[in-house]
Amino acid sequence: MTPAIGIHDLAVATSRHMLTHAVLADRLGTDPAKYQRGLGQDAMSIPGDDEDVVTMAAAAAAPIVERHGASRIRNVFFATETGVDESKCAGLYLHSLIGLPSQARVVEFKQACYGGTAALQLACAAVARDPSRQALVIAADIARYDLDSAAEPTQGAGAVAMLVSADPAVAVIDPVSGLFSSDIMDFWRPTYRSTAVVDGRYSVSAYLDAIEHAFDDFRRLGGADLREFERFCYHQPFTKMAFKAHRHLLEHAGLPVTDEAVDAALADTTDYNRAIGNSYTASVYMALASVLDSTSDLTGRRIALASYGSGCVAEFLSLTAVDGYREQLRSEANRAAIGNRNPLSYSEYRSLHTDRTTAHDGSRASTGDSGGMYRLSGFEEHKRIYHARQPAFSAKVGH
Ligand code: HMG
């Protein structure tokens, strides 16, 4: 019989800088309440010139490797839509930065914000095949839209790393999940652009529609009733979206739609994303980290995870928090990663918004030092050069 499989450890990282929506609103002459109440956002993480998905991923994954070692990790699945190379996967840079074993399958996953869930599910499948092994799943992204566009206040950046194993210490992932996919153009980023193209209003209705269909599939396959879940972690491009989605699902299921019911279902799931903004693949797992790190005790309770990636794929999953999960958490470190960011002025933010990686002659030093544990120090002959402020922990095991 296949053992229970799921999340054995989970850690969060984000960029070292952030812009508050109060500053953005002031400069754009917008009522700050539009962002804070209308979108449900207080701030968004902004990466420095020496930060990218690799530095954030390393910051999230290093403590996991430090705690558990890397010798059982057979698969490293890196989900991102902000890849740093069209060929080499971002996960390979982590080998030298945090010390991963050579005997590992390292691959990048892409399907907009859904990529992290694809990686997580395939990690579960790999562990089911050999339960003595573990898989490291990383979801890391930078959400960047055009300046002065309606989507600008929904930017952000972050990474979540998860160790997937048999008999997990944090949460078991149910084998039953619901799926939906469809070829639509609600949000996309052509390879020649550093900012996404989006049909904002359409993307909101496409998200609701896809989650509804994924939930229906989940129910068709024998998944639990909505009333059996204690919390709902939604993909949060902006946190108000989670509230829209939950109202939509309740209505669809014929259940009463009250503010109290929605607030209770989403309690503590939006705190991290309110401060970070959209972290694409990482966003739904930021919601999970946020609720697990909260004061609520969810031992033995069911948590729904609703993942959506534009384009589009959606999946509805069920997790159960296991006995003793709270002792495994990294709540203080996760909160510190979010709480210790440097607030930017509007002009500093604008200068960091320009993506310089696509327009240089192959060699340059990064400008500024964001102060993170891992740095993209620059480029030499088109090679990205990373530095760690501390040596890789582990696990030269397997080298
Ligand atoms: P907008 O045109 O700026 O905003 O675009 P709006 O006019 O619709 O206002 C937003 C909300 O603020 C509304 O609330 C207003 O009423 C309210 P709602 O009616 O929706 O409940 N509002 C105020 N509230 C309080 N005080 C005020 C005030 N003024 C207005 N003074 C939009 C919003 C989301 C379209 C835009 O930000 C956008 O295009 N964002 C990017 C796309 C996006 O995030 N889509 C979400 C679904 S798709 C998805 O999640 C996938 C994605 O993550 C990508 C991936 O998969 O990789 C994006």
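What counts, and where the lines are drawn
- Residues numbered from 1 in each chain as written.
- Predicted model: local features only at pLDDT ≥ 70, side-chain atom pairs only at ≥ 80, totals over all residues.
- Heavy atoms only, no water.
- Salt bridge = Lys/Arg side-chain N within 4 Å of Asp/Glu carboxyl O.
- Helix = DSSP H or I, 4+ residues; strand = E, 2+ residues; numbered from the N terminus.
- Buried < 20%, exposed > 50% of the residue type's maximum accessible area, 1.4 Å probe, protein only.
- Core = buried A, V, L, I, M, F, W, Y, C linked by side-chain atoms within 4.5 Å.
- Contact = heavy atoms within 4.5 Å.
- Disulfide = S-S within 2.5 Å.
- Phe/Tyr/Trp six-rings, centres within 6.5 Å; stacked < 30°, edge-to-face > 60°.

Visitor: Even after reading the chapter, I still don't get the pattern of salt bridges, so can you show me in this structure?
Guide: Any two side chains of opposite charge can pair, so long as their charged atoms come close to each other. Enumeration according to the criterion identifies 19 salt bridges in this entry. Taking the shortest distance from any N to any O, the salt bridge between D52 and R384 comes out at 2.9 Å. Of the two residues, D52 is situated in the loop between β3 (43–46) and α3 (53–68) and R384 in strand β18 (residues 383–388); the sequence distance between them amounts to 332 residues. With respect to class, D52 is no different from R384; both count as buried. Put simply, D50, D369, R375 and R389 are held in one network by salt bridges that share partners.

Visitor: How should the nonpolar core be read in this particular structure?
Guide: It is characteristic of soluble globular proteins that their nonpolar side chains tend to be buried jointly. Counting 48 residues, the largest nonpolar core has I7, V164, L288 and L319 as the members making the most contacts within it. Here this core gets eight residues from one element, more than from any other, and that element is helix α10 (residues 283–292). Here L288 is in contact with I7, L10, C233, I303, L305 and L319, once residues within four sequence places are set aside. Formed by 41 residues, the second largest nonpolar core is a distinct cluster that contains A245, V262, L266 and A306.

Visitor: Sorry, what's going on with the state of the cysteines here?
Guide: Note on terminology: a disulfide is the covalent bond linking the sulfur atoms of two cysteines. Tallied over the full model, the rule gives zero disulfides. There is no disulfide at C124, and the cysteine sulfur nearest it, in C233, is 16 Å away. By relative accessible area, which is 9% here, C124 ends up buried.

Visitor: Is there a simple way to think about the packing of aromatic side chains in this case?
Guide: The final tally for this structure, using the stated rule, is 13 aromatic pairs. Centroid distance Y93 to Y386: 5.2 Å. Interplanar angle 65°. Geometry classified as edge-to-face. Taken together, the positions of Y93 in helix α4 (residues 93–99) and Y386 in strand β18 put the pair 293 residues apart, joining distant regions of the chain. Between the aromatic rings of F229 and F316, the centroid separation amounts to 5.9 Å while the plane-to-plane angle is 80°, which identifies the pairing as edge-to-face.

Just geometry here; none of it tells us what the structure is for.
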